[in-house]
Amino acid sequence: MGSGIAQAASQAGYKVSMMDTSQELVDAGMGKIKKMLNKGVERGKIKPEKVEEVLSKIKVTTEIKVAVENAELVIEAVFEDIEVKKKLFSELKEFCKPEAIIASNTSSLGINKMAEFTEFPGKFGGLHFFNPAAINKLIEVVRGEKTSHETFDALMNFSRRLGKIPLEIKDSPGFAVNRFFVPFLNESCRMLEEGVANKATIEEAAKRGFKIGMGPFALMNFTGIPIAYHAENTLYEGLGEFYRPSEALKSQFEAGKPWEFEGEEVDESKIEAVQKRLFGTTWGIACHLVEEGVASKEDTDRGALLGLRWAQGPFEMMNSYGINDACKVVQGFALSTDGKFNMSESLLDQARMKQPWQMSTVKLSKQDRFGLITMCRPEALNALNTKVLSDLDNVITRIKEDDDIGVVIITGEGNSFVAGADIKEMMEKSPMAAREFTRYGQQVLKRLEDLDKPVIAAVNGFALGGGCELALACDMIIASEKAKLGLPEVSLGIHPGFGGTQRLPRLIGRAKAKELIFTGDMIPAKEAERIGLVNKTVPSDQLITECKDLGARILARGPVAVRLAKSAINRGGEMTLDDGLAYEIETVSLAFSTEDKSEGMDAFISKRKPDFKGK
Ligand code: CO8
């Protein structure tokens, strides 16, 4: 795992020091990295010239002092034994800089427990990578009781820079994904042991129920029965009787043999019963995770989608199944466990209210007078489907009603702003349905454009198609130097429909807009700045700070004047010059009727700073 982490960090541009206890082990680690990189080149995922660059950034050593003395971040991936970790942490105390952050890649030892052995528990947290660490997009970022906000934010940002999709996790046995996945394996073994069905039937029921390519027994054979057994034991030790490894799993582990199920017949009459038990286990545990504050519903589902390749996460599955029926399934399962598994109270509440789980793909957070919108569907590069548009619509309503928010900043989770409308959803649409979708997309973007507060697009990565059109509906665009913008619709056989054919020519002129739209070319942020599509390009780690600086300069001015100026520019742009000028007379006259105008002019004459009240 360590070599995969080193590779991921080096590919993201970090200088890496990779340490192991012997020269053979570090050489083997470098060998694995070279192999992975060459495979990446063969698959066209990595440019050949990048290989040397990545390798040159990784220095190997067997001496801990050399490895960590200049490190900003140390990630340990040593053997999962608390004594081994304890010894390592005491060595780190001696050689690390005091400001260094230490992270553990543990999957089975608690972050709180390990923090006791570190010198600065506030600077310690978990970075749980998934295999293969260099490629797998998922990472669980674990907050211990003593992990500081700064450390946690730094670990989240580090994960994002690695191109990972980080889940925010509170320390708890198995974190989020293993907490429901390993019991899914264990419950399959328990059903076998109880004679509920044979392996082939359980395998088939799981494949159909969770829409996965491999069922539990094939998965255990693939990833290792000892891993499943040890992981279940960890859950049992931390969480109690329900999680005890089944006898069937234990004896298979002790026998050291893979599961055999070739030649077994699938018994169709038992499929439903098996599925209900697997649903009961995974859905019930998912609810507990959220009730205990270990993970959000959204992150739990994302973990299942990305880490396990399920077609839907547990919460989305419950909604599709029907919340009342899902509740009955989990209740039936809980009753069958003789009190070992507690029924989820939150699921009972949802069923009582007949309300499916509410999950949002768009986050709104408030910091001072800023409303920060984050498009949060990183598994699909934040592509806009009907649900995302509806979530954005709801967030716009909340912002409209919130007088504390003076400036809005909109950005994307991960390495993408928004990679366009969702192609998978659009594929199925008839012309009528496409018309409806286009109308809805335009309506939501128009509501954003018409907000009576300045909106800044913080374009952090891909802003393509509908994503570029979303940025165009904002008042200003600040882009990270890593961002790429474009309207590639014609390469899909359609053309921009969320306002691109209208707003882009108005912003950059018809000829340039035609060039971008007709070619579908994707352009880097600097070029977008040159042609006037982007206001400013900034280093990626300064993107939000730059947007806030710009926002703060606006917030210091007369709020009513800014609002009226936005209206004059937006509405005036749709009129003839004469009508626009007439409209400007109205807005500026209105500005003269405000207290802000008296305050602004008085402050100028008195040589003091104005104190605008927005009236
Ligand atoms: N829709 C759905 N899924 C997407 C989209 C998208 N627009 N973009 C990326 N994804 C998904 C990928 O399918 C992939 O999912 P999975 O892992 O399950 O295969 C995941 O996001 C990661 O993407 P990639 O593996 O492709 O990531 P790369 O880094 O290799 O490539 C790119 C990144 C270059 C951005 C590439 O993903 C891409 O080309 N995406 C499509 C961009 C595009 O064409 N956008 C325009 C869409 S059309 C549009 O916006 C129309 C607007 C309104 C018209 C209304 C008419 C009805």
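Refer to the preceding data block for the structure.
This structure is a prediction, so every number in the text was calculated from the model and none was measured.

A. Quick look at helix H20 (residues 431-449). Over its 19 residues, H20 runs 26 Å from end to end, which matches the ideal 27 Å to within 8%, given 1.5 Å per residue. What H20 keeps buried is the set Phe437, Tyr440, Gly441, Val444, Leu445, Leu448 and Glu449. Packing partners of the buried residues in H20 comprise helix H18 (386-400), helix H19 (423-427), strand E12 (455-459), helix H21 (466-472), helix H22 (500-508) and helix H26 (559-572).

B. Examining the sheet that holds strand E8 (residues 362-367) more closely. In spatial order, the strands read E8-E9-E10-E12-E14-E17; together these six strands make up an open sheet with mixed pairing. Strand pairing shows two members of the sheet lacking a second neighbour, E8 and strand E17 (536-538), which therefore form its edges. The average undirected angle you get between the axes of adjacent strands in this sheet is 20°. The sheet contact formed by strand E9 (residues 370-375) and strand E10 (residues 407-412) spans six bridges and is parallel. Bridging across to E10, methionine 375 finds its partner in glycine 412. Together, E8, E9, E10, E12, strand E14 (476-480) and E17 form the strand contacts of helix H25 (residues 543-555), whose direction differs from that of E14 by roughly 155°.

C. Here's a closer look at the nonpolar core. Ranked by internal contacts, the top residues of the largest apolar core, which has 83 residues, are Leu92, Met220, Met318 and Leu347. Looking at which element gives the most residues to this core, the answer is helix H13 (residues 271-291), with nine residues. Residues contacting methionine 220, with those up to four places away along its chain left out, are Leu185, Cys189, Ile225, Ala228, Leu249 and Trp259. Listed in part, the 50 residues of the second largest apolar core include Leu445, Cys474, Ile508 and Val534.

D. Region of the structure containing the site of the ligand. Every one of the 25 residues lining the ligand counts as a neighbour, but Ala419, Ala421, Ile423, Lys424 and Gly466 are closest to it. Here an oxygen atom of the ligand sits 3.3 Å away from a polar atom, N or O, in the side chain of lysine 424. Contact distances for the ligand include 2.8 Å between an oxygen atom and a backbone N or O atom of glycine 466. Relative to its unbound accessible area of 1100 Å², the ligand is 69% covered by the protein chains. Secondary-structure elements contributing two or more residues to the shell around the ligand are H19, H20, strand E13 (462-464) and H21. In the shell around the ligand, the residues fall into 14 nonpolar, five polar and six charged.

E. Inspection of the pattern of salt bridges at higher detail. By the definition in use, this model includes 41 salt bridges. Of the charged contacts in the structure, one is a salt bridge between glutamate 91 and lysine 87, with a shortest N-O distance of 3.4 Å. Of the two residues, glutamate 91 and lysine 87 are both situated in helix H5 (residues 82-95); the distance of four residues between them amounts to about one turn of the helix. Among the salt bridges present, the one from aspartate 602 reaches arginine 608, with a minimum N-O distance of 2.8 Å. Via salt bridges that share partners, Glu187, Arg190, Glu194 and Arg277 belong to a single interconnected network.

What counts as what
Residues numbered from 1 in each chain as written. Predicted model: local features only at pLDDT ≥ 70, side-chain atom pairs only at ≥ 80, totals over all residues. Heavy atoms only, no water. Helix = DSSP H or I, 4+ residues; strand = E, 2+ residues; numbered from the N terminus. Expected span 1.5 Å × (residues − 1). Buried < 20%, exposed > 50% of the residue type's maximum accessible area, 1.4 Å probe, protein only. Contact = heavy atoms within 4.5 Å. Pairing = 2+ DSSP bridges. Axes fitted to C-alpha atoms, helices over the stretch in contact; angles between N-to-C directions. Core = buried A, V, L, I, M, F, W, Y, C linked by side-chain atoms within 4.5 Å. Near = heavy atom within 4 Å. Polar contact = N/O pair within 3.5 Å; in protein donor to acceptor, adjacent residues only side chain to side chain. Areas by Shrake-Rupley, 256 points an atom, 1.4 Å probe, with all protein chains shown as cover. Nonpolar A, V, L, I, M, F, W, Y, C, P; charged D, E, K, R; others polar. Salt bridge = Lys/Arg side-chain N within 4 Å of Asp/Glu carboxyl O.

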